[in-house]
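# A closer look at the structure
So the chains spell out like this:
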Amino acid sequence: MSRRFDRAIQLAARASRAAVTACLALVTIAAARAADVPSPSPAKLERITALFNEEVNSGRLPGAVILIQQHGKPVYLKTFGYRDVTTKAPMTVDTIFALHSMTKPITSVAAMMLVDEGKLSPKDPLSKYIPAFADVKVGIEPPNDNNISDLKLEPPIRPVTIEDIMRQTSGITYEYIGADWIQKLYHEGHLFDGKFDNKEFVARLAKLPLSRQPGTMWRYGHSTDVLGRVIEVITGKTLYQFEKQRIFDPMRMKDTKYVLDSADERARMAEPLPTDTILLAAERDRRAHPEWESGGGGLVSTITDYARFAQMLLNRGELDGKRYLSPAAFKDMTTDHIGPGSGVGRDYWYFPGDGFGYGYGIAMRTDPGIAKPPPPGLIGELKWDSGSGTYFGVDPTLDMVYIMLEQTQNERQRILPVFKKLVYDAFTPD
């Protein structure tokens with residue numbers, strides 16, 4: 001008996017030594033990889049500082065918070081200007097920003113958790129969870145200058161699937177995207193009238209025709225809002241309750257939510273310039289409907305909160321030793337599902353941009369693109385942005401996350417490419 005016990009102790013000790021050796025090997029490999037990755041030039045990082053100082057000092061931008069994080073640690077974190085120019089409240093690291101469409105990757109991760117658990121499949125018909133979509137029709141662009149009195153409807157060639165609402169190929173659009181006829185129908189659909197929650201909002205959407213046949217065109221729209229409602233149907237929780245339990249609390253994203261609860265939180269909210277009328281109107285609509293937890297654009301967050309989410313993506317679904325997505329689910333989410341052979345078309349409204357494909361709620365760099373010179377960035381980069389000027393990128397090659405939080409609709413398209421170029425220039429040798 002004692003010999004068996006001694007033998008067990010020896011085997012356990014040997015196994016423990018092997019485990020320690022394996023861990024040390026992994027640490028050594030990680031260190032070697034980190035040593036091979038270029039670090040940013042401090043002098044070149046200061047060009048980012050100069051850019052945002054100029055934007056603020058010129059009055060074009062109220063303020064911003066910028067983070068570049070490499071190997072899990074900040075290498076650049078700075079605040080600029082004001083969170084609110086009318087009160088002169090300074091920008092701080094804990095300033096809260098409206099994420100708008102940077103909400104979509106978070107909602108998509110929540111959905112992929114359900115895929116992991118076998119409760120949801122991208123191949124499921126949407127009508128399995130929201131029966132009203134079983135009767136949806138597709139609008140055929142009318143002649144005579146898009147006169148909707150001549151609109152004809154036809155059945156879909158196949159049902160809208162969960163994959164369609166995850167990759168923006170459902171034919172559901174936004175009220176400001178697409179031909180005149182579909183924009184007019186969306187405006188006449190009174191989507192935002194009165195009080196409504198996710199259930200009511202999606203019921204209103206289901207009464208409108210699709211702008212395209214399912215699976216045929218990448219068309220930005222309320223698809224991720226519908227996905228948020230699907231999550232509610234499956235879990236029996238509100239979207240925020242599920243995301244708080246499964247993402248925000250375990251990731252320690254304490255300032256990420258749909259509705260600000262306290263006066264302190266509201267005082268930390270970043271505000272657009274008074275002249276930024278489009279974003280001001282969008283923010284008024286968002287704040288006027290606290291009961292609507294928009295999975296496509298309703299979250300607010302801070303730079304430190306979103307950095308934790310982005311780092312989880314950089315770690316391929318894991319953060320601080322806790323796995324949020326299985327390797328298979330992460331790969332599926334970050335694979336281009338609209339590339340060659342998918343049958344999905346792209347047009348003027350294709351927002352991922354030159355050189356990018358689209359997975360489930362996030363874009364990925366698949367090739368250099370056709371522009372000369374190519375846009376900055378590296379193959380495999382993940383990214384998304386928003387109409388409020390927020391942007392984030394995840395670059396596995398550089399083991400790097402970079403985030404720009406600002407509140408500007410007027411200047412975002414001009415600032416973004418300049419910012420991104422300066423980020424990648426900082427990692428490029430002279």
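As a reminder, the structure under discussion sits directly above these lines.
Everything numeric in this text was worked out from a predicted model, so none of it was measured.

Right, let's get into the pattern of salt bridges. Within the structure shown, the criterion is met by 31 salt bridges. Taking the shortest distance from any N to any O, the salt bridge between R246 and E117 comes out at 2.6 Å. Of the two residues, R246 is situated in helix 9 (residues 239-248) and E117 in the loop between helix 3 (104-116) and strand 5 (138-140); the sequence distance between them amounts to 129 residues. Judged by relative accessible area, R246 falls into the partly exposed class, the value being 26%. Two residues, R219 and D347, come together in a salt bridge whose shortest N-O distance is 2.3 Å. With R219 in the loop between helix 7 (198-206) and helix 8 (223-235) and D347 in the loop between helix 13 (327-333) and strand 10 (356-358), this pair connects stretches of sequence that are 128 residues apart. A relative accessible area of 4% means that R219 is categorised as buried. For D347, a relative accessible area of 24% gives the class partly exposed. Overlapping salt bridges, with partners in common, bring together E54, E55, R60, E411 and R414 in one network.

Residues F392 and I403 are the most contacted members of the largest nonpolar core, which totals 85 residues. Counting residues per element, this core draws most heavily on helix 12 (residues 303-314), at 8 residues. When near neighbours in sequence (up to four residues on either side) are disregarded, F392 contacts M102, P105, Y306, A310, L313, I362, L382, K383, W384, Y402 and I403. V56, A64, L398 and F419 belong to the second largest nonpolar core, which has 25 residues in total.

Approximately 1,500 Å³ is the volume found for the largest pocket. Around the largest pocket, the lining is made up of 48 residues, and of these Y176, Y220, S386, G387 and R412 lie nearest the centre. With 6 residues, the top contributor of residues to the lining of the largest pocket is helix 11 (residues 277-288). For the lining of the largest pocket, the class distribution of residues is 23 nonpolar, 15 polar and 10 charged.

On the secondary structure map, K257 appears in the loop between helix 9 and helix 10 (263-267). For K257, a relative accessible area of 6% translates into the label buried. Within the structure, K257 has its side chain in polar contact with the side chain of D261 (distance 3.1 Å). Of the polar contacts made by the side chain of K257, one reaches the side chain of E265; its length is 2.7 Å. With sequence-adjacent residues up to four places away left out, K257 is seen in contact with Y240, E265, G298, L299 and V300.

Between two aromatic rings, the relevant description is the distance of the centres plus the angle of the planes. What the rule picks out here adds up to 26 aromatic pairs. Judged by centre distance (6.3 Å) and plane angle (85°), the rings of W218 and F351 are edge-to-face. Of the two residues, W218 is situated in the loop between helix 7 and helix 8 and F351 in the loop between helix 13 and strand 10; the sequence distance between them amounts to 133 residues. The class for W218 is buried, based on a relative accessible area of 0%. The exposure class of F351 is partly exposed, given its relative accessible area of 36%. Pairwise contacts between aromatic rings join Y174, Y176, W218, Y220, Y350, F351, Y358 and W384 into one cluster. Sitting over the ring of F356, K383 keeps its end group 4.4 Å from the ring centre.

Counting through the fold element by element, M102 comes out in the loop between strand 4 (97-98) and helix 3. Judged by its relative accessible area of 0%, M102 falls in the buried class. Along the chain, M102 and M364 lie 262 residues apart, while their C-alpha atoms are 14 Å from each other. Those residues in contact with M102, other than ones at most four positions away along the chain, are Y306, W384, D385, S386, T390, Y391, F392 and L405.

Over its 13 residues, helix 3 runs 18 Å from end to end, which matches the ideal 18 Å to within 8%, given 1.5 Å per residue. K104, P105, I106, T107, S108, V109, A110, A111, M112, M113 and L114 are the residues of helix 3 that are buried. Following helix 3 by one or two positions, G118 adopts a phi angle in the positive range, close to 75°.

What counts as what
- Residues numbered from 1 in each chain as written.
- Predicted model: local features only at pLDDT ≥ 70, side-chain atom pairs only at ≥ 80, totals over all residues.
- Heavy atoms only, no water.
- Salt bridge = Lys/Arg side-chain N within 4 Å of Asp/Glu carboxyl O.
- Helix = DSSP H or I, 4+ residues; strand = E, 2+ residues; numbered from the N terminus.
- Buried < 20%, exposed > 50% of the residue type's maximum accessible area, 1.4 Å probe, protein only.
- Core = buried A, V, L, I, M, F, W, Y, C linked by side-chain atoms within 4.5 Å.
- Contact = heavy atoms within 4.5 Å.
- 1 Å grid on protein atoms, 1.4 Å probe; cavity = no way out; pocket = protein on both sides within 12 Å on 5 of 7 lines; lining within 4 Å.
- Points joined across faces, edges and corners; volume = space filled by probe spheres on them.
- Nonpolar A, V, L, I, M, F, W, Y, C, P; charged D, E, K, R; others polar.
- Polar contact = N/O pair within 3.5 Å; in protein donor to acceptor, adjacent residues only side chain to side chain.
- Phe/Tyr/Trp six-rings, centres within 6.5 Å; stacked < 30°, edge-to-face > 60°.
- Lys NZ or Arg CZ within 6 Å of the ring centre and 35° of its normal.
- Expected span 1.5 Å × (residues − 1).

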